[in-house]
Amino acid sequence: MSASQSTGGRDNKGPSAQQPELDALIVGAGFSGLYMLYRARDVLGLRARVYETADGVGGTWYWNRYPGARCDSESFYYSFSFSEELEQEWQWTSKYPAQPEILRYLEHVADRFELRPDIQLETRVTRATFDEDSHCWEVRSERAGRVEIIRARFLITAVGCLSAANIPKINGLESFRGDWYHTGGWPEEGVDFSRKRVGLIGTGSTGIQATPVIAAQADQLTVFQRTANFSVPARNAPLVPEEVREIKANYREIRRMARESFGGFPYQGVERSALEVDEAERQAIYEKVWADGGFKFMWGSFNDLLINQEANDTAADFVRGKIREVVKDPRVAALLSPNDHPFGSKRPPIDTDYFETFNRDNVLLVDIKSSPIVEITQTGLRTESAEYELDAIVFATGFDAMTGSLLKMDIRGAHGQRLEDKWEAGPKSYLGLQVAGFPNLFTITGPGSPSVLSNMPVSIEQHVEWISDFIAYLAAKGLTRVEATVEAEEAWVDHVRDVASLTLFPKANSWYLGANIPGKKRVFMPYVGGVLPYRERCDEIARNSYEGFALAP
Ligand code: FAD
Ligand code: NAP
């Protein structure tokens with residue numbers, strides 16, 4: 001397929017106004033953007049380009065270089081499946097590789113598939129406007145202080161669900177004389193915390209990964225905790241040659257299992273309730289999955305932890321028991337024990353020696369729920385009840401998840417409607433992939449898709465492949481405009497909400513709901529219906545000539 005066929009416009013089938021320079025402009029060069037470029041350019045033959053703010057590829061793995069950063073999906077399935085050659089030639093060194101290794105992998109993907117010539121780095125998209133006459137997006141970007149405008153038939157966002165850093169507005173930050181960092185924008189050269197008194201705010205997955213590593217280097221680490229979090233040991237270990245051989249020999253089956261699973265993990269789900277076994281058996285099962293480590297604690301124990309409060313309480317009690325076993329000071333153990341949300345209703349971190357770290361003499365836990373932060377001073381941080389002298393502050397305070405980076409782009413759809421206005425009461429999208437009123441815009445891992453509730457590369461590949469198949473379909477039919485209908489979008493939004501309401505997820509003040517961002521509307525954003533049912537629904541829609549979309553020449 002040639003580019004001109006693909007856009008339809010040059011064959012005089014489409015609108016006659018100014019033609020686009022690109023068939024597809026892709027924003028973001030992480031897992032999503034790299035694969036989207038490969039599919040658009042090398043499989044569909046489109047004129048495609050990626051714009052990326054950073055000065056390198058990798059997305060999450062470019063930005064998150066904080067101490068202890070690593071994945072929590074195992075490497076052999078936290079990776080692309082689309083190329084068997086890539087699978088066979090790449091060597092993962094451990095179950096949960098650290099950030100530099102994952103970044104190297106994504107850089108290798110960019111090199112191996114010769115993607116770099118079509119990736120424009122240090123380029124931030126600052127506005128995108130749909131032109132109703134030409135059925136194109138006019139995209140404004142900034143690079144080195146210069147503004148560029150380019151026109152593309154399709155705008156495909158690959159901007160990440162967890163890429164807009166949340167730096168809380170705390171009085172006095174600008175007066176702080178020490179250094180401060182957000183974990184999602186960590187300096188490339190690293191940070192040396194030796195001989196420093198460090199304050200770390202936030203105990204999500206990031207804070208939990210960073211705490212033990214910073215504690216081992218700094219003179220003193222003070223962890224400011226607003227909400228105690230459940231965490232399960234990762235049990236990271238090197239991959240030995242026999243394991244690597246076995247994985248490589250079984251990749252097709254591993255990928256099939258991941259695709260056909262609920263969460264994108266290549267594990268057989270269990271079919272038993274936590275309430276159907278007696279106490280002794282339940283404890284034995286929890287001990288086993290705790291010893292195995294990682295997400296198996298959730299997927300490999302019982303099938304009702306996320307839908308039945310009583311079942312969930314058994315898991316929560318078990319984890320709290322483990323915290324009491326590990327943490328020597330009972331007061332600290334109590335403070336570290338979550339008691340205000342069900343286990344798994346916030347994304348459960350997996351850790352290496354997190355709770356153990358609070359037994360160190362140089363680590364202090366401060367409860368900022370009972371005594372909130374008042375201000376940052378020139379020399380540290382003050383809560384309602386005490387002042388802490390600090391040389392450095394680490395914000396492990398997460399992200400404006402799922403919608404943050406999309407809204408920052410100032411997207412304006414048909415009739416000048418701004419995405420920000422459309423989503424004032426919370427994001428609305430059909431399948432998480434298209435927004436009514438925003439023709440020719442595709443959002444990889446958008447709100448309403450399973451994305452963040454899954455092992456993400458599995459969802460990303462599915463989104464990218466579905467979008468590229470759709471674009472190929474449009475090209476084959478000579479169509480230049482596609483838009484989700486309001487009815488289809490409303491029905492999907494209702495479905496996403498209804499499925500979430502059957503689970504315990506809405507019981508937590510989590511970023512899934514936008515609860516971490518002051519003023520953000522509380523809407524449960526990801527689709528919790530499962531990776532396989534979602535894929536089946538997307539495929540069914542495609543088979544039914546893309547029902548729910550309005551198509552035009
Ligand atoms: P990203 O990797 O976030 O890439 C988006 C890119 O878009 C960024 O590079 C950004 O600079 C760019 N961008 C955004 N806005 C603009 C703009 N306006 N103009 C130009 N460029 C723009 N998921 C898992 O499944 N398993 C894990 O183990 C796991 N570990 C994680 C660990 C950390 C520390 C974090 C933060 C997330 C983790 N995730 C994990 C989620 C992770 O984000 C995804 O797995 C995946 O990397 C997302 O890829 P992406 O390409 O969709 O987005
Ligand atoms: P997060 O889960 O949102 O955690 C942020 C932490 O900062 C929470 O403890 C939060 O407290 C606290 N916080 C936020 N704003 C605050 C404020 N104004 N004052 C005080 N405390 C504040 O963010 P994250 O840890 O960066 O993780 C985000 C997601 O990225 C994860 O859920 C996961 O999907 C992914 N991730 C994965 C890994 C991995 O292991 N592979 C590692 C890192 C991140 P509250 O809970 O009270 O809001």
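About the criteria used
- The residue numbering used here restarts from 1 in each chain and proceeds along that chain's sequence as written.
- Written order determines the labels here, with chains lettered from A and ligands numbered from 1.
- Local features in this predicted model are restricted to residues of pLDDT 70 or higher, and side-chain atom pairs are both shown and tallied only at a pLDDT of 80 or more, whereas totals for entire chains, interfaces and linings draw on every residue.
- In computing side-chain properties, one takes all heavy atoms of the structure into account and sets aside hydrogens as well as water.
- Runs of E in the DSSP output that reach at least two residues are strands. Runs of H or I that reach at least four are helices, and both are numbered from the N terminus.
- Expected helix span is computed as 1.5 Å times (number of residues minus one).
- Accessibility here uses a 1.4 Å probe with only protein chains present; expressed as a share of the type maximum, an area under 20% marks a residue as buried, one over 50% as exposed, and anything in between as partly exposed.
- A pair of strands is considered paired only if DSSP assigns at least 2 bridges between the two.
- Angles run from 0 to 180 degrees between N-to-C directions of axes, and those axes are lines fitted to C-alpha atoms, restricted for helices to the stretch in contact.
- Neighbouring residues are identified by heavy atoms, a residue being near a molecule or strand if any of them is within 4 Å of it.
- Polar contacts here mean pairs of N or O atoms no more than 3.5 Å apart (in protein, one a potential hydrogen donor and the other a potential acceptor; neighbouring residues in sequence count only if both atoms are side-chain atoms).
- Reported accessibility uses the Shrake-Rupley method at a 1.4 Å probe radius. Residues are deemed covered only where the shown protein chains occlude them.
- A carboxyl oxygen of Asp or Glu within 4 Å of a side-chain nitrogen of Lys or Arg is what we treat as a salt bridge.
- Charged means Asp, Glu, Lys or Arg here, nonpolar means Ala, Val, Leu, Ile, Met, Phe, Trp, Tyr, Cys or Pro, and polar covers whatever is left, Gly included.
- Two rings belonging to Phe, Tyr or Trp (six-membered ring only in the last case) form a pair when the distance between their centres is within 6.5 Å. Interplanar angles under 30 degrees mark stacking, angles over 60 mark edge-to-face geometry, and anything in between is tilted.
- As a reminder, the over-ring test applies to NZ of lysine and CZ of arginine, requiring each to be within 6 Å of the ring centre and within 35 degrees of the ring normal.
- Note on contacts: a residue pair is in contact if any heavy atoms of the two residues lie within 4.5 Å.
- Nonpolar cores are built from buried Ala, Val, Leu, Ile, Met, Phe, Trp, Tyr and Cys residues. Side-chain atoms within 4.5 Å join them into one set.
- Under this scheme an angle from 65 to 115 degrees is roughly perpendicular, one under 35 degrees roughly parallel, and one over 145 degrees roughly antiparallel; angles in between are oblique.
- Here is the rule for handedness: rotate from the far helix to the near one, and if that takes an anticlockwise turn smaller than a right angle the crossing is left-handed, while a clockwise turn gives right-handed.

The first and last C-alpha atoms of helix α2 (residues 31-43) sit 17 Å apart over 13 residues, in line with the 18 Å expected at 1.5 Å per residue. Buried residues dominate α2, accounting for 11 of its 13 residues. Burial in α2 covers these residues: Phe31, Ser32, Gly33, Leu34, Tyr35, Met36, Leu37, Tyr38, Arg39, Ala40 and Arg41. Looking one or two residues beyond α2, the residue adopting positive phi is glycine 45, at roughly 75°.

Sheets are built from strands paired through backbone hydrogen bonds, the pairs being either parallel or antiparallel. Strand order in this open sheet of five strands is β7-β16-β8-β9-β12, and the pairing throughout is parallel. The outermost strands of the open sheet, each flanked by one partner alone, are β7 (179-182) and β12 (363-367). The average undirected angle you get between the axes of adjacent strands in this sheet is 20°. Here β7 runs beside strand β16 (residues 392-395); their pairing, made up of four bridges, is parallel.

Attention now goes to the site of ligand 2. By nearness alone, 24 residues border ligand 2, and Thr203, Thr206, Arg226, Thr227 and Lys346 come closest of all. Separating a nitrogen atom of ligand 2 from a backbone N or O atom of aspartate 72 is a distance of 3.0 Å. Within the side chain of threonine 227, one N or O atom sits 2.4 Å away from an oxygen atom of ligand 2. Considering ligand 2 on its own, with 910 Å² of exposed area, one finds that the protein chains cover 87% of that surface. Residue contributions to the shell around ligand 2 peak at three residues, all from helix α6 (residues 205-217).

Applying the stated rule across the entire model yields 38 salt bridges. We note a salt bridge from aspartate 340 to lysine 369, for which the minimum N-O separation is 3.1 Å. Remark: lysine 369 occurs in the loop between β12 and β13 (373-376) and aspartate 340 occurs in the loop between α12 (330-336) and β11 (350-351); sequence separation between them is 29 residues. Linked by salt bridges that have partners in common, Arg127, Asp410, Arg412, Arg418 and Glu420 make up one network.

In this section: the site of ligand 1. In the vicinity of ligand 1 lie 33 residues, with Ser32, Glu52, Asp72, Tyr78 and Met456 positioned nearest. Glutamate 52 places a side-chain nitrogen or oxygen 2.6 Å from an oxygen atom of ligand 1. Valine 125 has a polar backbone atom sitting 2.9 Å from a nitrogen atom of ligand 1. Here ligand 1 loses 94% of its free accessible area of 980 Å² to cover by the protein chains. Among the secondary structure elements, those contributing two or more residues to the shell around ligand 1 are α2, α3 (60-63), β4 (123-131) and α16 (456-477). Split into classes, the residues belonging to the shell around ligand 1 amount to 16 nonpolar, 13 polar and four charged.

As summarised here, the arrangement of the three strands in space is β13-β14-β15, forming an open sheet in which the pairing is antiparallel. Strand pairing shows two members of the sheet lacking a second neighbour, β13 and β15 (387-389), which therefore form its edges. Within the sheet, the average angular offset between the axes of one strand and its neighbour, ignoring direction, is 20°. For β13 and strand β14 (residues 380-383), the ladder comprises three bridges, and the chain directions are antiparallel. When the sheet's bridge partners are listed, isoleucine 373 is paired in β14 with threonine 383.

Considering all chains together, one arrives at 55 aromatic pairs under this definition. Between the aromatic rings of tyrosine 286 and phenylalanine 297, the centroid separation amounts to 5.4 Å while the plane-to-plane angle is 25°, which identifies the pairing as stacked. Here phenylalanine 297 lies in helix α10 (residues 296-299) and tyrosine 286 lies in helix α9 (residues 279-292), a separation of 11 residues in the sequence. The exposure classification of tyrosine 286 matches that of phenylalanine 297, with both residues buried. Three or more aromatic residues joined by ring pairs form one cluster here, namely Phe31, Tyr35, Tyr38, Trp61, Tyr78, Phe80, Phe82, Trp90, Trp92, Tyr105 and Phe113. One residue, arginine 65, lies across the ring of tyrosine 62, its end atom 4.7 Å from the ring centre. We note arginine 112 situated over the ring of phenylalanine 113; from NZ or CZ to the ring centre the distance is 5.1 Å.

Looking at the element boundaries, glutamate 375 is found in strand β13. What makes glutamate 375 partly exposed here is its relative accessible area of 26%. When the C-alpha atoms of glutamate 375 and glutamate 287 are compared, they prove to be 43 Å apart, with 88 residues separating the residues in sequence. Ignoring anything within four residues of it in the chain, the contact list for glutamate 375 reads Ile170, Asn171, Leu381 and Arg382.

Take the nonpolar core next. Residues Ile156, Phe193, Phe297, Leu431, Trp466 and Phe549 are the most contacted members of the largest nonpolar core, which totals 134 residues. The element best represented in this core is α16, accounting for nine residues. Setting aside anything within four residues of it in sequence, one finds tryptophan 466 in contact with Leu431, Leu433, Cys538, Asp539, Ile541, Ala542, Tyr546 and Phe549. In terms of nonpolar packing, the next biggest core, distinct from the first, is built from 21 residues, Val125, Leu155, Leu406 and Trp423 among them.

In this section: the environment of aspartate 313. Locating aspartate 313 in the fold gives a position in helix α11 (residues 309-326). C-alpha of aspartate 313 to C-alpha of proline 342: the two residues are 29 residues apart in sequence and 7.2 Å apart in space.

Turning next to the packing of α9 against α11. Orientation of α9 relative to α11, taken along the N-to-C sense of each, is 60°, at an axis distance of 11 Å. Here α9 is positioned oblique relative to α11, judged by the angle of their axes. Of the two possible hands of crossing, α9 and α11 adopt the one that is right-handed. Residues Arg282, Gln283, Tyr286, Glu287 and Trp290 of α9 pack against Ala311, Thr314, Ala315, Phe318, Val319 and Lys322 of α11.

None of the figures reported here should be taken as evidence of function without further support.
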